[in-house]
Amino acid sequence: FFFFNELAGRSEASCVMLSTFVASSLSLSAPIGVSRVAQSRVSCTRMSDDEPWNSNAQSSTTLDKSTLEAAYDAAMNAPAPAAAGGKQDFLEAEPYWDQSTIPVNTYKNKAPFVGKIVSTKRIVGPEATGETCDVVMSHGGKMPYWEGQSYGVIPPGTNPKNGKPNSVRLYSIASSRYGDDMTGTTTTLCVRRATYWCPELKADDPAKKGVCSNYLCDSKPGDDVKLTGPSGKVMLIPEKDPNVDLIMVATGTGIAPYRSFIRRLFVEETPFGEAYTKGSGLAWLFLGVANSDALLYDDEWQEVLKKYPDNFRLDYALSREQKNKDGGKMYIQDKVAEYSDEIFTRMDNGAHMYFCGLKGMMPGITEMLEGVCKDKGLVWEDKLSEWKKAGQWHVEVY
């Protein structure tokens, strides 16, 4: 029978689905020559007798294009079967901590991948300062990524300033490589709708709203979305050491990469997660937002805390609800400073520290660590250089 080899870049589960639909959905007739099938969906349905991928191969199948396309769509949209034992391991490197095969810039600005919006939902309460949405999109398994990477999104339309197509915007990925549905075919972004309050209008000025964030927050299931990437190696997890401490500092939607970390560590049954929860490593999350209604994915963090109290720790900085030690608003740098000595000690013992979100948090945090260095008779610049050289300092701020 005819066998598809459209499987490059797809998961093992999808390979099974593709071979299954070929065997089950096509009618039998006279023999024909078997051709190579290109990787695009359109080319999947085109047979070419003059380009056989195996000159000796024969088939007893007559291909009807509409039947084939329907079967293909059904296979691509079907949930992937769970891995044996319920584990998530079909997208792992070999060994799982090897970063040499990480995908980078699979799709670029001039030839982006066109995915589909799966869902868009608001994930903050009514008193939150602004709107933040959880946006899930399908890449069909053709745009794999790793935790800590970003996708580029190209919003439709043109830039009114120069008449050129809108440029790409980068968003940190908020799901593990398996996606929230664990099929290896979806990606989640955490997007805050960017608006500008005009004091003269006493309302949001639509002319100054964020083009891409509003496009994503307004998107509907089935909408096309142009994607580039994945990009970035700065925020990767050092998975070779299952006992490593991971100190994660975020403001607002900077939580995105840490959600991918935490799902890989504690939610999905991945090889690294299995090793980490048996080890002594601590994943310590700091999140700074305005108030309780602005907390992101809190229900997920609370569930992990209950299940893994020895491996996960959580601290919030709520600037409009909490006070710092001096009586002022509690910002993320103030919350981190409460544990300055412990954080410094963990860093000196090999911990990795991550920063994602507004760059305004960085001066306060570095000043705090500089103060600890001074108390210990150390030079801050030398200590920071040491941590950077060891790959322990990860910064992705804007």
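Described in the following lines is the structure provided in the data block. Here the structure is a predicted model, which is why all the values come from computation and not from measurement.

### A word on the pairing of strand β4 (residues 132-138)
Within β4, six of the seven residues are buried, which leaves the element mostly enclosed by the surrounding structure. Strand direction decides the pairing type here: strand β3 (residues 113-122) and β4, joined by six bridges, are antiparallel. Bridge pairing links Ile-117 to Met-137 in β4. Strand direction decides the pairing type here: β4 and strand β7 (residues 186-192), joined by seven bridges, are antiparallel. Residue pairing for β7: Val-135 is matched across the bridge by Leu-189.

### Observations concerning the packing of aromatic side chains
Under the counting rule described, the total for this entry stands at 20 aromatic pairs. Summarising the aromatic geometry, the rings of Phe-261 and Tyr-354 are spaced 5.2 Å apart at their centres and angled 75° between planes, so their arrangement reads as edge-to-face. Of this pair, Phe-261 sits in helix α5 (residues 256-267) while Tyr-354 sits in strand β14 (residues 352-357); the two residues are 93 residues apart in sequence, bridging distant segments of the chain. Relative accessible area serves as the criterion here: at 0%, Tyr-354 is assigned to the buried category. Aromatic rings pair up to connect Tyr-96, Trp-97, Phe-266, Phe-272, Tyr-276, Tyr-308 and Phe-312 into one cluster. Here the basic side chain of Arg-259 rests over the ring of Tyr-297, its NZ or CZ set 4.5 Å away from the ring centre. If you follow Arg-313 out to its NZ or CZ, it ends over the ring of Trp-284, 3.8 Å from the centre.

### Side note on the packing of helix α9 (residues 340-348) against helix α10 (residues 362-375)
The interhelical angle for the contact between α9 and α10, taken along N-to-C directions, is 80°, at an axis separation of 10 Å. The angle between α9 and α10 places the two elements in the roughly perpendicular class. Contacts between α9 and α10 involve Ser-340, Asp-341, Ile-343 and Phe-344 from the first element and Met-368, Leu-369, Val-372 and Cys-373 from the second. Partitioned by chemical class, the residues of the contact of α9 with α10 number six nonpolar, one polar and one charged.

### Re the nonpolar core
Ranked by size, the top nonpolar core spans 38 residues in total, and within it Ile-255, Tyr-258, Phe-266, Leu-285, Trp-301 and Phe-312 carry the most contacts. Core analysis: the next-biggest nonpolar cluster, separate from the first, contains 26 residues, Ile-247, Ala-317, Met-361 and Trp-387 among them.

Scoring rules and cut-offs
- Residues numbered from 1 in each chain as written.
- Predicted model: local features only at pLDDT ≥ 70, side-chain atom pairs only at ≥ 80, totals over all residues.
- Heavy atoms only, no water.
- Buried < 20%, exposed > 50% of the residue type's maximum accessible area, 1.4 Å probe, protein only.
- Helix = DSSP H or I, 4+ residues; strand = E, 2+ residues; numbered from the N terminus.
- Pairing = 2+ DSSP bridges.
- Phe/Tyr/Trp six-rings, centres within 6.5 Å; stacked < 30°, edge-to-face > 60°.
- Lys NZ or Arg CZ within 6 Å of the ring centre and 35° of its normal.
- Axes fitted to C-alpha atoms, helices over the stretch in contact; angles between N-to-C directions.
- Parallel < 35°, antiparallel > 145°, perpendicular 65-115°, else oblique.
- Contact = heavy atoms within 4.5 Å.
- Nonpolar A, V, L, I, M, F, W, Y, C, P; charged D, E, K, R; others polar.
- Core = buried A, V, L, I, M, F, W, Y, C linked by side-chain atoms within 4.5 Å.

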